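# Residue-level structural notes
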Amino acid sequence: FFRSRGSRGGWKRKSCRADPCRAVLSRVVPRSGTPTGYMEAPLSYSTIEDLQLLSWDNAPKYCVQLSFPGGTVLLQAANSYLRDQWFHSIQWKKKIYKYRKVLNNPSRWDVVLKEIRALVDMALTSPLQDESIHQAPLHIISTLLAENTNLSAQDHENIIVAIAPLLENNHPPPDLCEFFCKHCRERPRSMVVIEVFTPVVQRILKHNMDFGKCPRLRLFTQEYILALNELNAGMEVVKKFIHSMHGPTGQCPHPRVLPNLVAVCLAAIYSCYEEFINSRDNSPSLKEIRNGCQQQSERKPPMPLRLLRPEPPTPPPTTTLSPPPALPLSPPPSIVNSSEILVELERNNNTTNTLRKAPAEGVSEPNLIDCLLVSPALNALSIQLPAHADRVLGCFALILKMLSDYDDWRPALASLLQPIPFPKEELKYVIQRFAEDPRQEVHSCLLSVRSGKDGWFQLYSPGGVACDDDGELFASMVHILMGSCYKTKKFLLSLAENKLGPCMLLALRGNQTMVEILCLMLEYNIIENKDTQLQIISTLESTQVGLRMYEQLCDRQRELKELQRKGGPTRLTLPSKSTDADLARLLSSGSFGNLENLSLAFTNVTSACAEQLIKLPSLKQLNLWSTQFGDAGLRLLSEHLACLQVLNLCETPVTDAGLLSLSSMKSLCSLNMNSTKLTADTYEDLKAKLPNLKEVDVRYTEAW
């Protein structure tokens, strides 16, 4: 604690000096004034009774007198600066020992409060300049509060008000943060929250560099914001607080505020889902870690991290008519023939097994987005949050919304905010703000940054896990990206490879941006497959805006006219989430007399689409996997599609009443009735009446 005099009249650290009361070798000057040597043993601060500065004529100068039981010691310094360093440092240390001893064994809280005020006043008036001058009293008070948890509410407020001056330029220690958090939770409407905690939190957000080293500061900031939200004005108070952190100008002068606010919000959002995530991946919660994790046998059985579709339990293996294909967990491409069905299903099953083994082998570690990836359209798993967690989620989601309204914060926010699709409308508003921002550093963050990790562009595409608006936000993203430097062949190639289905579905519904993209794909020869080109042409011709733009394109390219004269496509795959109206609009746009292969897998079509399917005389392969196609549609198909050879009804609501009508389709050679309401009697009847049936899948039915 030895200091040299600073430029502002205080004392600064001088690390080259040693503490004379703790050192074994220190100069000793007796009363006679003649140095006698060095101290043989250190003196304890607690034994010092008095401390004085001495100076007299014809005697050694620059002395400090220490009085203790049994004698007096004079410490002689080389100059007045060093003497004053010793004096103030020893005096400070002596008083700290005194207050620590007094506050370790409190008897009356009115006396304790008086001593706390005296301690704070001593720290504020000390000429020493060092972080520990203010931190030492805070740690003493923090220890006192940690050991005495049964304080009244009034005692809480009195102590907080007493130590408030020390917090103006210092972060509270961890135990004191716990005390503040408790006060915010129990008395959120207390004036202490506004008057005392506000400058403390503002300092934390402006100056904290790493919440990982001091997580309780982050927790205190969360509790403070939630306490503001409990006031009468609610989010208006929170909004004023956020504005105060930004400042009145258009440019925020504090570079650490935004990263710290985002870290606080994301940590709070994660805590809302913590119980749900732990119930799925079988990992201990933060509360369990603090209290000691449960034994494995006492915990719930683990659930899959990614539950995009309910998976039936695997029964013991049995023999069937033929080796059944493995049940895939993701939609295969359109089916060409019965052998390709088996190949695709087996390949998807192997891919699924590989993905499942990856976390166990340490290849990849699940993160928050993996835990929360649940498609709202499938409703395979609903996330029910407690009422308190839902309020917390709503509060911090609104803060993210507020942050996105500041133009100077938006570029950094777009780069900081990771794609976490929690089900709140405020998040969608934030992404919409990114999509509307003309600056490249903002809207370029919509794309995935790392390979293998989806960005907002992928998550909000039709069929994506966060898409709940039929692709409107996705169309906005594509529009802004195409209007910037991304209007290149490379971007179109990426769309054609990964997002051609969503683009075609939105174009089928009249979205002008998607119509332009499909026209550019044809114009730049992005699509090489002739059937896919014909499908794009049919999609464009199904709407007025698409037909007009396609005719303009044909005027520039004769090859497209020549391609269309050869007839319609032989293969067609409707994008996922397509409806009966989408199918009717597409099939009415042109000639599909040559169509042999049609995949409607994972769309929203029903039996009503059978009216359109019976207009396809050459149809041989039809994939209705995981649709709402039922018995009425099957009966209509059996009367008109006599050439049908491959039919996939996996996970459809068909029953015996509709399946029995298939007995008239003598050309069927492959039939998938996996996970339907098929009974054993109907299955035996179909085998007897369908002589060409060679491949059949009846798993997870009564006939299995």
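Residues numbered from 1 in each chain as written. Predicted model: local features only at pLDDT ≥ 70, side-chain atom pairs only at ≥ 80, totals over all residues. Heavy atoms only, no water.

Turning our eyes to something else, we now look at the sheet that holds strand S6 (residues 63–68). Taken in spatial order, the three strands line up as S5-S6-S7 in an open sheet, and their pairing is antiparallel. Sheet topology places strand S5 (50–54) and strand S7 (71–76) at the edges, where each strand pairs with a single neighbour. Ignoring strand direction, the axes of neighbouring strands in this sheet form an average angle of 20 degrees. Examined bridge by bridge, S5 and S6 share five bridges and lie antiparallel to one another. (Pairing = 2+ DSSP bridges. Helix = DSSP H or I, 4+ residues; strand = E, 2+ residues; numbered from the N terminus. Axes fitted to C-alpha atoms, helices over the stretch in contact; angles between N-to-C directions.)

Moving on: the packing of aromatic side chains. Pairs of aromatic rings are described using the distance from one ring centre to the other and the angle between the two planes. Enumeration according to the criterion identifies 12 aromatic pairs in this entry. Summarising the aromatic geometry, the rings of Phe457 and Phe491 are spaced 6.2 Å apart at their centres and angled 50 degrees between planes, so their arrangement reads as tilted. You can see Phe457 sitting in helix H17 (residues 456–459) and its partner Phe491 sitting in helix H19 (residues 489–498), a full 34 residues away along the chain. As far as the burial class goes, Phe457 and Phe491 line up, both buried. An aromatic cluster of three or more residues is present, and its members are Phe179, Phe180, Phe197 and Phe220. Geometry around Tyr99 places Lys98 over its ring, the cationic atom sitting 5.0 Å from the centre. For Lys401, the ring lying beneath its charged end belongs to Tyr429, and the centroid distance is 4.7 Å. (Phe/Tyr/Trp six-rings, centres within 6.5 Å; stacked < 30°, edge-to-face > 60°. Buried < 20%, exposed > 50% of the residue type's maximum accessible area, 1.4 Å probe, protein only. Lys NZ or Arg CZ within 6 Å of the ring centre and 35° of its normal.)

In terms of strand pairing, S6 meets S7 through six bridges, oriented antiparallel. Bridging from a neighbouring strand, Gln65 pairs with Leu74 of S7. Taking the residues that link successive antiparallel strands as the turn, the S6-S7 hairpin has two residues, and the phi of Gly70 there is positive, at about 100 degrees.

Let's shift gears to the environment of Gln418. With respect to the secondary-structure elements, Gln418 resides in the loop between helix H14 (410–416) and helix H15 (425–436). In this structure the C-alpha to C-alpha distance between Gln418 and Gly455, which are 37 residues apart in sequence, comes to 8.2 Å.

It is worth spelling out the confidence of the model for the protein chain at this point. Here the protein chain averages 77 in pLDDT, while 76% of its residues score no lower than 70. Segment residues 292–381 is flagged for pLDDT under 50; beyond a separation of four residues in sequence, or across chains, it makes 144 contacts in the model. (pLDDT = per-residue confidence, 0-100. Contact = heavy atoms within 4.5 Å.)

So, about helix H23 (residues 544–556). Counted at 1.5 Å a residue, the expected span for H23 with its 13 residues is 18 Å, and the 19 Å between its end C-alpha atoms agrees. What H23 keeps buried is the set Val545, Gly546, Met549, Tyr550, Leu553 and Cys554. Along the long axis of H23, the arc covered by the buried residues comes to 165 degrees, so they all point the same way. More than 90 degrees from the buried face of H23, the exposed residues found are Gln544 and Asp555. Of the residues flanking the start of H23, the one acting as N-cap is Thr543, its side-chain oxygen 3.2 Å from the backbone nitrogen of Gly546. (Expected span 1.5 Å × (residues − 1). Arc of directions from axis to C-beta. Polar contact = N/O pair within 3.5 Å; in protein donor to acceptor, adjacent residues only side chain to side chain.)

Before going further, it helps to spend a moment on the pattern of salt bridges. Going through the model one piece at a time under the given rule, you end up with 17 salt bridges. Salt-bridge contacts for Glu157 lead to Arg187; the nearest nitrogen and oxygen are separated by 2.7 Å. Of the two residues, Glu157 sits in helix H4 (residues 153–163) while Arg187 sits in the loop between helix H5 (174–186) and helix H6 (191–207), which places them 30 residues apart along the sequence. The shortest N-O distance in the salt bridge between Asp468 and Lys428 comes to 3.6 Å. Of the two residues, Asp468 sits in the loop between H17 and helix H18 (472–482) while Lys428 sits in helix H15, which places them 40 residues apart along the sequence. A cluster of three or more residues bridged by salt bridges with shared partners is formed by Asp407, Arg410, Asp437 and Arg439. (Salt bridge = Lys/Arg side-chain N within 4 Å of Asp/Glu carboxyl O.)

In this section: the state of the cysteines. Such a bond, covalent and formed between the sulfur atoms of two cysteines, is termed a disulfide. Inspection of every chain in the model, using the stated rule, returns zero disulfides. Residue Cys265 stays outside any disulfide, its sulfur separated by 7.9 Å from that of Cys395, the closest cysteine. With no disulfide of its own, Cys519 has Cys554 as its nearest cysteine by sulfur position, at a separation of 8.8 Å. The class for Cys519 is buried, based on a relative accessible area of 6%. (Disulfide = S-S within 2.5 Å.)

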